[in-house]
Structure formats: C-alpha cells, structure tokens
Amino acid sequence: MNDEKRRKKELICIGCPMGCPLTVTMDGDKPLNVSGNTCPKGEAYAQKEVTNPTRIVTSTVKVAGSDRNFISVKTKTDIPKQKIFACMQEINHILAKAPIAIGDVLLENVADTGVPIVATKAARRKDDKL
C-alpha cells in the first residue's frame, strides 16, 4: 500500500456517552481501520464522519399570534454538514403561526436535503386559555 496516501484522523465518538477517542486510518479518502472504540457505535460513527459527516441542526424560529416570540426547532434527521449554513439561512426566514404543536413541520425540505424542520416546542394562540 502507498504510505503517502495513508494518514490518520483523530475523533471523539459521540455515538454513546463514553466519548471514546477514535483513530481512523485512511487510504486517501477511504477509511481502512477504526481503533479506540469500546462499542460498535464508535466504528459506525467514525466511518460516517470521515466519509459523509452529518449533523442535526437545532435553532429557533419567530412565532406570530402567540404569547411566545420564538419556539425551538430542529431538523427531523441529520443533514450533510456542508448544508448547515444554507439550512440556517432558511430557518432564519421562517415565521410560524400559532397554534403550533411539538412535531409540526414548519418547512418541508430545508436546503434541498429532503429533511423537514420540525417544532420542538408548542405555542398556543395568544387568546387561548389554559
């Protein structure tokens, strides 16, 4: 194997609470070996992180017609890491209208990822009573 193409990447696993330090041996862009993981989630996380890193994005959006000015939102699933800024630009333009329930889809397809933005906090209408 060509040693010039072989390199190592160091990561901290976020697959479980252990936070294992991982070392991924790479051949160019291809992962060859993962070490340092104490559970199978570590290997899967490392393989994905070095080939196609993704993230769940959390933020807030403005709400109209509610006693709340903002509610929390997130991407329903992870999106490609390189799409985070485009995702945030679109989230920043959302104006949600009360009432809103947890899980309501506020944007169907953020940044052309096919992933929706969903509410993680509810908001009642201003005039609704407990």
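Here, the structure is the one placed above.
Bear in mind that the values here come from a model prediction, so they are computed numbers and not experimental data.

Caption draft 1: Representation of the overall build of the protein chain in the model. Helices and strands together make up the secondary structure of the protein chain, namely two helices and 10 strands. Put simply, the protein chain runs from its N terminus to its C terminus through helices and strands in the order β-β-β-α-β-β-β-β-α-β-β-β. For the protein chain, the C-alpha radius of gyration of 20 Å lies well beyond 14 Å, the compact-globule estimate for 130 residues. Taken over the C-alpha atoms alone, the protein chain extends approximately 70 × 30 × 20 Å along its principal axes. Contacts spanning at least 24 positions in sequence make up 45% of the contacts within the protein chain whose residues lie at least 6 apart. For the protein chain, the computed accessible surface area is about 8400 Å², with 51% contributed by carbon and sulfur atoms.

Caption draft 2: The environment of Asn-33, seen in detail. Tracing the sequence through the fold places Asn-33 in strand S3 (residues 30–35). With a relative accessible area of 40%, Asn-33 lands in the partly exposed category. Setting aside its immediate chain neighbours within four residues, Asn-33 contacts Thr-23, Val-24 and Thr-25.

Caption draft 3: Structural context of the sheet that holds strand S2 (residues 21–27). Sheet architecture is open: three strands sit in the order S1-S2-S3, paired in antiparallel fashion. Sheet topology places strand S1 (6–12) and S3 at the edges, where each strand pairs with a single neighbour. Geometrically, the sheet is characterised by an average inter-axis angle of 25° between neighbouring strands, direction not taken into account. Relative to S2, S1 is paired through seven bridges, and the arrangement is antiparallel.

Caption draft 4: The arrangement of the pairing of strand S6 (residues 70–75) in detail. Because side chains alternate across S6, one face comprises the buried residues Ile-71, Val-73 and Thr-75, and the other comprises Phe-70, Ser-72 and Lys-74, none of which is buried. Where strand S5 (residues 58–64) and S6 come together, five bridges link them in antiparallel fashion. Its bridge partner lying in S6, Ser-59 is registered against Val-73. What sits between the antiparallel neighbours S5 and S6 is a turn of five residues, in which Gly-65 has the positive phi angle 75°. The sheet contact formed by S6 and strand S10 (residues 117–119) spans three bridges and is antiparallel. Within the sheet, the bridge partner assigned to Lys-74 lies in S10 and is Val-118.

Caption draft 5: Quick peek at unusual backbone geometry. Cis peptide bonds are those with omega within 30 degrees of zero, and the linkage from Ala-98 to Pro-99 qualifies with 5°. With respect to the helices and strands, Pro-99 occurs in the loop between strand S8 (95–97) and strand S9 (105–107). Look at Ala-111: it is not a glycine, yet its phi comes out positive at around 50°. Along the chain, the position of Ala-111 falls in the loop between S9 and S10. The buried category is assigned to Ala-111, whose relative accessible area is 4%. Positive phi values are uncommon outside glycine, yet Asp-112 reaches one of about 55°.

Caption draft 6: Expanded view of the nonpolar core. Within the largest apolar cluster, 18 residues are counted, with the highest numbers of intra-cluster contacts made by Val-61, Ile-71, Cys-87, Ile-91, Ile-100 and Ile-117. Of all elements in the fold, only S5, S6, helix H2 (84–91) and S10 reach the threshold of two or more residues within this core. Residues contacting Ile-100, with those up to four places away along its chain left out, are Val-63, Ile-71, Leu-106, Ala-119, Lys-121, Ala-122 and Ala-123. The next biggest cluster of nonpolar side chains, apart from the first, holds 10 residues, and it includes Cys-20, Leu-22, Met-26 and Val-34.

Calculation rules
- Residues numbered from 1 in each chain as written.
- Predicted model: local features only at pLDDT ≥ 70, side-chain atom pairs only at ≥ 80, totals over all residues.
- Heavy atoms only, no water.
- Helix = DSSP H or I, 4+ residues; strand = E, 2+ residues; numbered from the N terminus.
- Rg over C-alpha atoms; globule rule 2.2 N^0.38 Å.
- Contact = heavy atoms within 4.5 Å.
- Areas by Shrake-Rupley, 256 points an atom, 1.4 Å probe, with all protein chains shown as cover.
- Buried < 20%, exposed > 50% of the residue type's maximum accessible area, 1.4 Å probe, protein only.
- Pairing = 2+ DSSP bridges.
- Axes fitted to C-alpha atoms, helices over the stretch in contact; angles between N-to-C directions.
- Core = buried A, V, L, I, M, F, W, Y, C linked by side-chain atoms within 4.5 Å.

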